[in-house]
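Per-entry structural report
So you can see what is in the structure, the chains are spelled out below.
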Amino acid sequence: MSELDELRRTLPMVGAEPSILDDTRIAHVVAHGHHILSHRTVPGLRVELEETPDAIIGKLIVEAGAQIAQPIHMCFGLAHPTGVQQIKIDVQILEGARAQVLSHCLFPFAQAAEHRMQATMEIGPGASLTYTEGHYHGPHGGMQVLPHATIKVGKGARYFSDFSLLSGSVGRLDIDYLVGVEEEGIAELSAKIFAHKTDRITLKEAVMLRGERSRSLIKTRVVLEGQAHADITGITEAYAKGARGHVDCMEIIQGRATASAIPIVRVFHPEAKVTHEAAIGSVDKKELETLMARGLSPEQAVEMIVSGILR
Amino acid sequence: MPTPVLEIRNLTFAAGPQKILDRLGLMVQQQEIHALLGANGSGKTTLAYLLMGCEGYVPSAGTVLFNDIDLLPLKMHERARLGLTLAWQEPARFEGVTVREYLTLGKPDCDPVPALKQVGLDPARYLSRRLDKALSGGERHRIELASILSMKPKLAILDEPSAGIDMLSITHIIDIIRALKAAGGSILLITHQEEVALIADRASQLCAGRIIFSGSPREAVDHFRGRACVRCDGEVCNYVRA
């Protein structure tokens, strides 16, 4: 089976249909290691890609005012147990444009593999980007994933990101996102991760509310079992009048798992406000007992609560 | 004489040195609405948790028979599967879980629409909503009652089902309690509201962990109003002492 077929076959693990790659109305990029296997563009979208021995270097530009109707699919991965993939990507959503990117990161056989992503994203004035990133790292726990991104949200622009890793093992995950938000811009960052065995997660998301009336939300939901461990840091700093931010972190730990949550909020303007909430612990006792009082076994009740949190 | 759905004898429970339930005895008949009255701290909610088998609520003495089955050795979900359930005074909220999922717990083929309509909520608006903080307290309470209706229990313990419900909707709550009875169930109704208590078939007053009066709802309400004590001291009921 070709590497392209192997990655196609894994797409359902992150909720995507393999047929999207055949649809001529849908833009996509498929890269295995440092090789581009397939790509397609659509009107309003410019894609520049370069293969190098050490990385794939790409630029994705949505032209000013363009409304990309269908999500743009970026499918990165390795179809082998070992290997390295490094992606350096620059995403520009120009003024007034709108796009949705679905990024699928697939490493179904990883035993000692590494994926690095260095992204810069710029969402121009009045533009909007929804960036949904789904990961599947296979069952072995041998994956190391390091996505780092710097995002600039322009005046009146919107940025919504949703990271999820819900099936299989995590391995080692180290996310580091820095988002700057200009006047009346909105940034919402959501992450949902289910970790098992000896998985290790470091998640750091920072939002700088630089513009007046800029707004942000960092929402993190992590469930850990076995001996997994997570360190979650959500940072929001507000520098301007009317800026509003909120950090919301919930971690459920089971078995011998451990976790830390550090919300850091800083305010540098008297008319700005940032709030936070963080909770770490086992499944809420009252929720558990409510479901058991309807006849669910403890195991069924935990499964329902956990799947709700990660939804 | 038919078997009572619930028969409690000499039930005793202490939290540390403080006795919360003291040799409590109570009987709830089949298809009976039995109101339980009592001042704050008299042990009503403790009794509810103990009957349901909530964690940490294990009696030091006494027996509880549910349709002649010894309830106390059973786990919470086993009690629920026998047909016993509890609606909490302050219902839990569940992130991500929809109203539809909650009303069909363990019974995916069950139609949640009638129960939702019965509690006065429009299924088109509510079925896909999540049971999270976005729901008001009153809405959450109604959904809790709808989940009890969906479950069709043999005995529902309702802990202040009208708490947080607006005055105009109290009649709605009363209709729901009656509907549970009409469906063949019994209800142990913990309430502070006279209007709600008076719909019961029988009522008992709890004071310092003991049932000190049982009779018609009117008699029990009058007894409660005329009690000698304002608040129990926990050890010995002031009313009994008086």
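Throughout what follows, the structure given in this document is the object of discussion.

So, how was this worked out
- Residues numbered from 1 in each chain as written.
- Chains lettered and ligands numbered in written order.
- Predicted model: local features only at pLDDT ≥ 70, side-chain atom pairs only at ≥ 80, totals over all residues.
- Helix = DSSP H or I, 4+ residues; strand = E, 2+ residues; numbered from the N terminus.
- Rg over C-alpha atoms; globule rule 2.2 N^0.38 Å.
- Buried ≥ 20, exposed ≤ 12 C-beta atoms within 10 Å, placed from the backbone.
- Contact = placed C-beta atoms within 7 Å.
- Pairing = 2+ DSSP bridges.
- Axes fitted to C-alpha atoms, helices over the stretch in contact; angles between N-to-C directions.
- Arc of directions from axis to C-beta.
- Core = buried A, V, L, I, M, F, W, Y, C linked by C-beta atoms within 7 Å.
- Nonpolar A, V, L, I, M, F, W, Y, C, P; charged D, E, K, R; others polar.
- Parallel < 35°, antiparallel > 145°, perpendicular 65-115°, else oblique.
- Left-handed = near helix turned anticlockwise from the far one by under 90°.

When you go through chain B residue by residue, the secondary structure sums to 10 helices and 10 strands. Taking 2.2 N^0.38 as the reference for a compact globule, 242 residues should give roughly 18 Å; the C-alpha atoms of chain B span a radius of gyration of 18 Å, in line with that estimate. Oriented by its inertia axes, the alpha-carbon framework of chain B measures out at about 55 × 40 × 40 Å. With 242 residues in all, chain B has 44% of them scored as buried. Taking all contacts inside chain B whose residues are at least 6 apart in sequence as the whole, residues at least 24 apart take part in 68%.

In this section: the sheet that holds strand β6 (residues 84-87) of chain B. Residues and elements named next belong to chain B. On the basis of which strands lie adjacent, the open sheet formed by 6 strands has the order β6-β7-β8-β3-β9-β10 and mixed pairing. In this open sheet, the two strands that pair with only one neighbour each are β6 and β10 (210-215). The average angle at which neighbouring strand axes cross in this sheet is 20 degrees, direction not considered. Here strand β7 (residues 155-159) pairs with strand β8 (residues 186-190) via 5 bridges, running parallel. Bridged to D159 within β8 is I190. Lying on the sheet, helix α1 (residues 44-52) is in contact with β3 (33-37), β6, β7, β8 and β9 (202-207); it crosses β7 at an angle near 145 degrees. Against the sheet, helix α6 (residues 137-151) engages β6 and β7, with an angle of about 170 degrees to β6.

On to helix α9 (residues 217-225) of chain B, then. All names here are of chain B. Regarding α9, the residues found buried are P217, A220, V221 and F224. What you see down the axis of α9 is that its buried residues fit within an arc of 100 degrees, all on one side. At its buried positions, α9 is contacted by β3, α8 (194-197), β9 and β10.

All names here are of chain A. Relative to strand β6 (residues 82-93), strand β4 (residues 56-62) runs parallel, the two sharing 7 bridges. Within the sheet, the bridge partner assigned to G58 lies in β6 and is I89. As paired strands, β6 and strand β8 (residues 112-123) are joined by 12 bridges and run parallel to one another. When the bridges of β8 are listed, Q86 appears paired with R116.

With that out of the way, let us pick up the pairing of strand β11 (residues 158-165) of chain A. Residues and elements named next belong to chain A. The element β11 is extensively covered by neighbouring structure, given that 6 of its 8 residues are classed as buried. Relative to β11, strand β9 (residues 128-136) is paired through 7 bridges, and the arrangement is parallel. What sits directly across from E133, in β11, is F163. As paired elements, β11 and strand β13 (residues 186-195) share 8 bridges and run parallel to each other. Bridging from a neighbouring strand, R158 pairs with I186 of β13.

Counting 168 residues, the largest nonpolar core has A:V179 and B:L189 as its most contacted members. Setting aside residues up to four positions removed in sequence, A:V179 forms contacts with A:I151, A:V153, A:Y159, A:A187, A:L189, A:A206, A:V207 and A:M208.

With that settled, the discussion passes to the interface of chain B and chain A. With 19 residues of chain B in contact, the opposing surface of chain A contributes 17 residues. Every element with two or more residues in the side of chain B that touches chain A is listed here: α2 (76-82), β6 and α6 of chain B. Ranked by residue count, the leading element in the side of chain B that touches chain A is α2(B), at 4 residues. Grouping the amino acids of the side of chain B that touches chain A by side-chain chemistry returns 11 nonpolar, 5 polar and 3 charged.

Residue and element names in this part refer to chain A. The contact between helix α2 (residues 285-292) and helix α3 (residues 298-309) brings their axes to 9 Å, and the two run at 125 degrees. Here α2 lies oblique to α3, going by the angle between them. The two elements α2 and α3 meet at a crossing, and its hand is right-handed. The segment α2 lies against α3, with E287, L288, L291 and M292 engaging P298, A301, V302, M304 and I305. Among the residues forming the contact of α2 with α3, the class breakdown is 8 nonpolar, no polar and 1 charged.

Another aspect to go through is unusual backbone geometry. You will see that A:E184, though not glycine, has its phi angle at about 60 degrees, which is positive. With respect to the helices and strands, the residue A:E184 is situated in the loop between β12 (172-181) and β13. In this structure, B:D68 takes a positive phi of about 75 degrees despite not being glycine. Residue placement: B:D68 occurs in the loop between β4 (61-66) and β5 (69-70).

A few words on the environment of A:R158. All names here are of chain A. Checked against the element boundaries, R158 lands in strand β11. Residue classification places R158 among the buried positions, given that 21 C-beta atoms sit within 10 Å. For the pair R158 and M304, spaced 146 residues apart in sequence, the C-alpha to C-alpha distance is 32 Å. Leaving out residues up to four positions away in the same chain, R158 has contacts with S128 and I186.

This is a description of form; function is not addressed.
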